Amino acid sequence: MLPQFDNTEVAFKYRSNKELKRARFLFASMGSPALTKIGMALTKVAIDWHLPVKGIIRSTIFEQFCGGETMEEAAGTAALIGQYGVGVILDYGVEGKEGEAEFDKAVPEFIKAINYAASQKNIPFISVKVTGFARFALLEKIHSKAALSPDEHAEWQRVYNRINEICAAAKHAGTMVLIDAEESWIQQPVDDLTDAMMELYNTDKVFIFNTFQMYRHDRLAYLKKSLDLAISKGYLLGAKLVRGAYMEKERNRAAEKGYESPIQPDKASSDRDYDAAVRYCLERLDNLALFIGTHNEKSCLEAARYMQEHNILADHPRVYFSQLFGMSDNISFNLAHHKYHVAKYLPYGPVQDVLPYLMRRAQENTSVAGQTGRELSLINQEMQRRRL
Ligand SMILES: Cc1cc2nc3c(=O)[nH]c(=O)nc-3n(C[C@H](O)[C@H](O)[C@H](O)COP(=O)(O)OP(=O)(O)OC[C@H]3O[C@@H](n4cnc5c(N)ncnc54)[C@H](O)[C@@H]3O)c2cc1C
């Protein structure tokens, strides 16, 4: 039987009445672009001026979208949703910190997460952003194919060493690593580094996944090229598929600098390539593992339907579905209820350090047509069912 995504009893079982009311307030507020814009601007000013707003942020948007300020707090959230068969991807969500000392400091933090994940049944993954270990301008320079100075070569070698240390620890512990995709103008070194890690560690099982953003018009072809490369070099591909989170930034930069936008002409084209990529991967599970990262009900349903029609078990060890914590619980918990592998991205870190992530969630829930409305109507449906 195919999963139904409108079963709100299953979707929100882990949420208390108070938490549901908070979620309703949040999604209703984010539904207003003006309110979101003002809220985001005020938060930035308040943080810059060191005003005491941490408590308010923590008890509202932070608690909706994050697991806690420390890994230990996130572990509590992971254990809670684990009771319903939903897994977790530990995501040390600190962003925008630059400097060699910060990059070095992040490595043991990730290894701690890897080892903790390995000790828990429902934490199969951690996620990594290469910009957490490398200077953005260095990535940009490598992407543009400009020649590096000897110092920059040494700097890039240190980035490689940090990521390699994390991936080696992950394979040793048995935890999988998802390497996020970021802006298109730094993506080539991220892809190359991830390919190198897959070649080292995906020899008999997939431990390392690269991310393919299907809002880019060249990524379906690139996914196929990546699989060809993996096959020719004798390793398994880890394919995490998303639509992409930086659309406005990408389009603005392309317009400003006068190059062709890497983004698809319209939403329908992103949807078409996303579903085609899912199908392409499902047809090739002998050579890859697939991670379907989306809040799109139709994409999830089509994947589930394809699996059913082609006798691919719901809990096939090489297929995962994933949504972000705090969003689309109707998809995650209903898929898990039908035995599909599901894991939610669970960011954690000090409130002020995860703000860029929270801002993206606020923006996404404002700009993604229909998403906020869908969340709100499901929450309302559940509140009615609970007679709140
Ligand atoms: C588990 C998980 C991991 C993620 N990891 C990453 C990551 O590593 N890197 C990253 O960039 N993002 C990542 N994302 C975010 C993701 O890329 C999307 O921004 C987000 O999930 C919304 O897309 P959707 O498929 O869920 O939903 P939908 O509502 O179906 O799609 C919205 C998306 O469609 C695309 N879109 C919207 N309008 C247009 C248009 N006019 N033209 C072309 N395309 C359009 C945009 O990508 C937009 O975000 C992740 C998401 C999840 C759930």
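In what follows, the structure referred to is the one given above.
The notes below deal with the structure included here.

Procedures and definitions
Residues numbered from 1 in each chain as written. Predicted model: local features only at pLDDT ≥ 70, side-chain atom pairs only at ≥ 80, totals over all residues. Heavy atoms only, no water. Phe/Tyr/Trp six-rings, centres within 6.5 Å; stacked < 30°, edge-to-face > 60°. Helix = DSSP H or I, 4+ residues; strand = E, 2+ residues; numbered from the N terminus. Buried < 20%, exposed > 50% of the residue type's maximum accessible area, 1.4 Å probe, protein only. Polar contact = N/O pair within 3.5 Å; in protein donor to acceptor, adjacent residues only side chain to side chain. Contact = heavy atoms within 4.5 Å. Axes fitted to C-alpha atoms, helices over the stretch in contact; angles between N-to-C directions. Parallel < 35°, antiparallel > 145°, perpendicular 65-115°, else oblique. Left-handed = near helix turned anticlockwise from the far one by under 90°. Nonpolar A, V, L, I, M, F, W, Y, C, P; charged D, E, K, R; others polar. Core = buried A, V, L, I, M, F, W, Y, C linked by side-chain atoms within 4.5 Å. Near = heavy atom within 4 Å. Areas by Shrake-Rupley, 256 points an atom, 1.4 Å probe, with all protein chains shown as cover. Expected span 1.5 Å × (residues − 1). Arc of directions from axis to C-beta.

**Brief notes about the packing of aromatic side chains**
In step 1: Overall, the coordinates contain 12 aromatic pairs when judged by the stated rule.
In step 2: Taking 4.9 Å as the distance between ring centres and 80° as the angle between the ring planes, the aromatic pair formed by Phe125 and Tyr320 counts as edge-to-face. Of the two residues, Phe125 sits in strand 2 (residues 125–128) while Tyr320 sits in strand 7 (residues 319–324), which places them 195 residues apart along the sequence. Note on accessibility: Phe125 and Tyr320 belong to one class, buried.
In step 3: Aromatic side chains Phe209 and Phe291 sit 6.4 Å apart centroid to centroid with 65° between the ring planes, which places their arrangement in the edge-to-face category. Pair noted here: Phe209 is in strand 4 (residues 208–213) and Phe291 is in strand 6 (residues 288–293), with a separation of 82 residues, a long-range link. Both residues of the pair, Phe209 and Phe291, count as buried.
In step 4: One aromatic cluster is present, formed by Tyr92, Phe110, Phe133 and Tyr348 through successive ring pairs.

**A word on the side chain of Glu382**
In step 1: Positionally, Glu382 belongs in helix 16 (residues 371–385).
In step 2: A polar contact of 2.9 Å, which involves the side chain of Glu382, links it to the side chain of Arg385.
In step 3: Discounting residues that sit within four places of it in the chain, Glu382 has contacts with Thr8, Glu9, Phe12 and Leu20.

**Observations concerning the packing of helix 10 (residues 219–233) against helix 12 (residues 267–282)**
In step 1: Orientation of helix 10 relative to helix 12, taken along the N-to-C sense of each, is 20°, at an axis distance of 10 Å. Here helix 10 is positioned roughly parallel relative to helix 12, judged by the angle of their axes. Along this stretch, helix 10 crosses helix 12, giving a crossing that reads as right-handed. Packed against helix 10, whose contacting residues are Leu220, Leu223, Lys224 and Leu227, the element helix 12 presents Asp273, Ala276, Ala277, Tyr280 and Cys281 at the interface.
In step 2: A class-by-class count of the residues in the contact of helix 10 with helix 12 yields 7 nonpolar, no polar and 2 charged.

**Points about the nonpolar core**
In step 1: Within the largest apolar cluster, 122 residues are counted, with the highest numbers of intra-cluster contacts made by Ile126, Ile163, Leu223, Leu241, Leu282, Phe321 and Leu358.
In step 2: In this view, Phe321 contacts Ile292, Cys300, Ala303, Ala304, Met307, Leu335, Tyr340, His341, Val342 and Ala343; residues no more than four positions away in its chain are not counted.

**Quick notes on the site of the ligand**
In step 1: The full set close to the ligand counts 27 residues, and Arg243, Gly244, Thr294, His295 and Asn296 are the nearest of them.
In step 2: In this structure, Ser270 approaches the ligand through a side-chain N or O atom, which is 2.8 Å from a nitrogen atom.
In step 3: Within the side chain of Thr294, one N or O atom sits 2.6 Å away from an oxygen atom of the ligand.
In step 4: In isolation the ligand offers 930 Å² of accessible surface; the protein chains occlude 89% of this area.
In step 5: Listing elements by their share of the shell around the ligand, those giving two or more residues are strand 4, strand 5 (237–242), helix 11 (247–257), helix 12 and strand 7.
In step 6: The leading source of residues in the shell around the ligand is strand 7, at 3 residues.
In step 7: Looking at the shell around the ligand residue by residue, the classes come out as 9 nonpolar, 11 polar and 7 charged.

**Notes on helix 6 (residues 100–119)**
In step 1: If you check helix 6, its first and last C-alpha atoms are 30 Å apart, about what 20 residues at 1.5 Å a residue would give, namely 28 Å.
In step 2: The set of residues buried in helix 6 consists of Phe103, Ala106, Val107, Phe110, Ile111, Ala113, Ile114 and Ala117. All buried residues of helix 6 fall inside an arc of 160° around its axis, so they share one side. The outward face of helix 6, more than 90 degrees from its buried face, is lined by the exposed residues Ala101 and Lys105.
In step 3: Those residues of helix 6 that are buried are in contact with helix 5 (71–82), strand 1 (87–92), strand 2, helix 8 (150–173) and strand 8 (342–348).

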